[in-house]
Amino acid sequence: MSEMSESAAYHPPLQLSARLLWRVPLFLLHVFIGLPLTLACFLPVLRGIPVGRGTLRQWAHRAWQRQTLRLFGIRLKVSGQLPDAGCLVVANHISWLDIVVLHAVRPMWLVAKAEIRRWPLVGWLAHTGGTLFIQRGRPASRKAIARRMAALLRRGETVGVFPEGGIRPEPGPGRFYHPLFQPAVRVAAPVVPVAIRYQTRENPRLADLHEIYVMRTGENFLRNFFRLMAEPPSTVQVNIGQSIHAPQDDHRALARQAGAIVKELYKHA
């Protein structure tokens, strides 16, 4: 069976409303009860308390994001591990849920398009969770974000970017653009290629769910939100590659190398 026919058969319409009937109320509880408890862990008096290999704030943030994925019926599978020290995570981009996915792996500073700041709830959550909003096509905004990224990386923080410059309708990672690699080169921070791929739980290699999770033409955020919440259970596979550094301080070559690695990681997801 082809990928197209697999995807087309993947969401029987009679089951969509039934999933919303129980997922939406649980999501509201997740927001109105779980979120205040999570944000309490962000308070200065609590956030630095050690929990495992991190802090209470990191643990609570990651736990809330993982529960968000569960409420969309998404099972998180991770192959590989991010380094403990500061690094630049570069990943392919399919859906706004990629932000939730990366935070579910490790809370990090993420660079996202400025439009997300205006989205209901998600925009506020992204801002609270540590998102750097960039205005695409504005050199001044890109330079300001680059300076902020460099400062965070120098401080040992994890910063994540989606270097494709937008979401592609076609499955598979696209070309990685080089400007957002400059901060890592400037402070000699490692770059970690990461591939994100949404799949069915049965025969995942035969059914790539890119066309399900991507924002469709003419679809606004709320419509996309409820459509994805109505989808059958799925898996998001996150493949984390080995850290790389810029060859001879060349951020363009670094972008090409990272992009090639992500394409290979995606193929084997």
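Our subject is the structure that appears above.
Chemist: Is there a simple way to explain the pairing of strand E4 (residues 87-91) in this structure?
Modeler: Looking down a regular strand, the side chains alternate between one sheet face and the other. Most of E4 is tucked away, with five of its five residues classed as buried. Side-chain alternation along E4 places Cys87, Val89 and Ala91 on one buried face and Leu88 and Val90 on a second face that is also buried. In this structure, E4 lies alongside strand E8 (residues 191-200), joined through four bridges in parallel fashion. Paired with leucine 88 across the strands is valine 191, a residue of E8.

Chemist: Looking at this structure, how should I read the packing of aromatic side chains?
Modeler: Two aromatic rings are characterised by how far apart their centres lie and by the angle between their planes. Overall, the coordinates contain 10 aromatic pairs when judged by the stated rule. Between tryptophan 96 and phenylalanine 225, the ring centres sit 6.1 Å apart and the planes meet at 15°, which makes this aromatic pair stacked. In this pair, tryptophan 96 sits in the loop between E4 and helix H5 (97-105) while phenylalanine 225 sits in helix H10 (residues 221-229), placing the two residues 129 residues apart along the sequence. You can call tryptophan 96 buried: its relative accessible area is 7%. On the basis of relative accessibility, which here comes to 9%, the residue phenylalanine 225 falls in the buried class.

Chemist: Would you mind going over a nonpolar patch on the surface with me for this structure?
Modeler: A cluster of nonpolar side chains, namely Trp22, Leu26, Leu28, Leu29, Phe32, Ile33 and Leu37, defines an oily patch on the protein surface of about 760 Å² accessible area. Here leucine 26 falls in the partly exposed class, since its relative accessible area comes to 38%.

Chemist: Explain helix H4 (residues 56-71) to me, please; I cannot follow it from the model alone.
Modeler: Each turn of an α-helix holds 3.6 residues, which means side chains three or four residues apart point in the same direction. With 16 residues, H4 should cover 22 Å at 1.5 Å per step; its first-to-last C-alpha distance of 23 Å lies within 8% of that length. All of the buried residues along H4 are Leu56, Ala60, His61, Trp64, Gln65, Thr68, Leu69 and Leu71. Taken from the residues just after H4, glycine 73 is the one with a positive phi, measuring 75°.

Chemist: What should I look at first to understand the nonpolar core in this one?
Modeler: Within soluble globular proteins, side chains that are nonpolar tend to cluster in buried spots. Trp96 and Tyr198 are the most contacted members of the largest nonpolar core, which totals 74 residues. For this core, the element with the highest residue contribution is H5, accounting for seven residues.

Chemist: Honestly, the side chain of aspartate 98 in this entry has me stumped. Any pointers?
Modeler: Here aspartate 98 shows up in helix H5. Looking at aspartate 98, the relative accessible area reads 0%, which means it is buried. Beyond its immediate stretch of four places on either side in the chain, aspartate 98 contacts Asn92, His93, Phe162, Ile196 and Tyr198.

Chemist: Just checking my understanding: could you explain the sheet that holds strand E5 (residues 109-113) for this structure?
Modeler: Taken in spatial order, the seven strands make up an open sheet running E3-E9-E8-E4-E7-E5-E6, and their pairing is mixed. One side of each edge strand has no neighbouring strand; the edge strands of this open sheet are strand E3 (74-79) and strand E6 (131-134). Pairs of neighbouring strands in the sheet enclose a mean axial angle of 25°, with direction left out of account. Lying over the sheet, H5 contacts E3, E4, E5, E8 and strand E9 (234-240), oriented at roughly 120° with respect to E8.

Chemist: Which parts of the structure should I look at to understand empty space enclosed by the protein?
Modeler: In this approach a probe as big as a water molecule rolls over the atoms, and the regions it shows empty are the leftover space. Inspection of every chain in the model, using the stated rule, returns one cavity of 30 Å³ or more. What lines the largest cavity is simply Leu35, Thr38, Leu39, Phe42, His61, Trp64, Gln65, Leu125, Thr128 and Gly129. Elements with a minimum of two residues in the lining of the largest cavity: helix H2 (13-40), H4 and helix H6 (122-129).

Chemist: I would appreciate a short explanation of the pairing of E6 in the present structure.
Modeler: Here E6 shows no split at all, with Thr131 and Phe133 on one side and Leu132 and Ile134 on the other all buried. By the bridge criterion, four bridges tie E5 to E6 in an arrangement that is parallel. If you follow leucine 110 over to E6, its bridge partner there is threonine 131. After leaving E5, the chain enters H6 and then returns to the sheet as E6, a path that is right-handed.

So, how was this worked out
Residues numbered from 1 in each chain as written. Predicted model: local features only at pLDDT ≥ 70, side-chain atom pairs only at ≥ 80, totals over all residues. Heavy atoms only, no water. Buried < 20%, exposed > 50% of the residue type's maximum accessible area, 1.4 Å probe, protein only. Helix = DSSP H or I, 4+ residues; strand = E, 2+ residues; numbered from the N terminus. Pairing = 2+ DSSP bridges. Phe/Tyr/Trp six-rings, centres within 6.5 Å; stacked < 30°, edge-to-face > 60°. Patch = residues over 30% accessible without salt bridge, like charges linked within 9 Å, V, L, I, M, F, W, Y side chains within 5 Å. Areas by Shrake-Rupley, 256 points an atom, 1.4 Å probe, with all protein chains shown as cover. Salt bridge = Lys/Arg side-chain N within 4 Å of Asp/Glu carboxyl O. Expected span 1.5 Å × (residues − 1). Core = buried A, V, L, I, M, F, W, Y, C linked by side-chain atoms within 4.5 Å. Contact = heavy atoms within 4.5 Å. Axes fitted to C-alpha atoms, helices over the stretch in contact; angles between N-to-C directions. 1 Å grid on protein atoms, 1.4 Å probe; cavity = no way out; pocket = protein on both sides within 12 Å on 5 of 7 lines; lining within 4 Å. Points joined across faces, edges and corners; volume = space filled by probe spheres on them. Right-handed = clockwise from strand over helix to strand, strands pointing away.

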